[in-house]
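Read off the chains here:
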Amino acid sequence: YDKLITPKVTPNEVLFICFTDNPSCCDGTVWQPISIATKSPIECAKHYKWTAWMKPMRYFGLKFPVSFMYVDANVEITEDVRNLARLSGSDFFTREHRNRKNVWEEMQACIELRKGKISKITSYVANNYENIAEDEYQTMYENGLLVFPLSAHNNDRLQEMCLEISKDLRVCSRDQLI
């Protein structure tokens, strides 16, 4: 999971960090490691993905809020990431899923790909989406790219949502289902 792709564009103002239990995965020139000690690195990384942007001093040594972008390690960054932060136009940005249109399709894919215990996945979906019919359209998002512009720090509802997602990840490790 820590096979980082070096970005094609690396502005000096952008910190490229990796929360990892294996700091040697970072080259030290572009990617800077932030060491985490955990029994479950993937689950821990998902927690940071949703909450690190709220604590710039704790994680990045910064005394001021920053725009924050999370990118999965398997995503190749080919353009200046600052442009995406500027273009998002809201307090939060992600993109629609390329392959699935709703939570039911995501649940089925998680089961087929063995992305967690079937009982936990089906139980979580049943408990949280019981009033949504399988054929009802919902937008499914891919969470391999998340953008939290500077304005996100003033959005209490967004912060509560991210903390809730982080908490729910203990029950269901697939953040697309949450």
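Heads up: the structure comes first, above all this text.
A. Local environment of the environment of Ile165. With respect to the helices and strands, the residue Ile165 is situated in helix α6 (residues 156–168). When its relative accessible area of 9% is taken as the criterion, Ile165 is described as buried.

B. The packing of aromatic side chains, seen in detail. As enumerated under the stated definition, the model contains 6 aromatic pairs in all. Centre to centre, the rings of Phe16 and Trp31 are 5.6 Å apart; their planes meet at 80°, and the pair counts as edge-to-face. On the criterion of sequence distance, the pair formed by Phe16 in strand β1 (residues 16–20) and Trp31 in strand β2 (residues 31–35) is long-range, its members being 15 residues apart. Summarising the burial analysis for this pair, Phe16 and Trp31 share the class buried. With 4.4 Å between their ring centres and 5° between their planes, Phe19 and Tyr48 make a pair best called stacked. Here Phe19 is found in strand β1, whereas its partner Tyr48 is found in helix α1 (residues 41–51), with 29 residues between them in sequence. Through a chain of ring-to-ring contacts, three or more aromatic side chains come together here, namely Trp50, Trp53, Phe68, Phe92 and Phe148.

Cut-offs applied
- Residues numbered from 1 in each chain as written.
- Predicted model: local features only at pLDDT ≥ 70, side-chain atom pairs only at ≥ 80, totals over all residues.
- Heavy atoms only, no water.
- Helix = DSSP H or I, 4+ residues; strand = E, 2+ residues; numbered from the N terminus.
- Buried < 20%, exposed > 50% of the residue type's maximum accessible area, 1.4 Å probe, protein only.
- Phe/Tyr/Trp six-rings, centres within 6.5 Å; stacked < 30°, edge-to-face > 60°.

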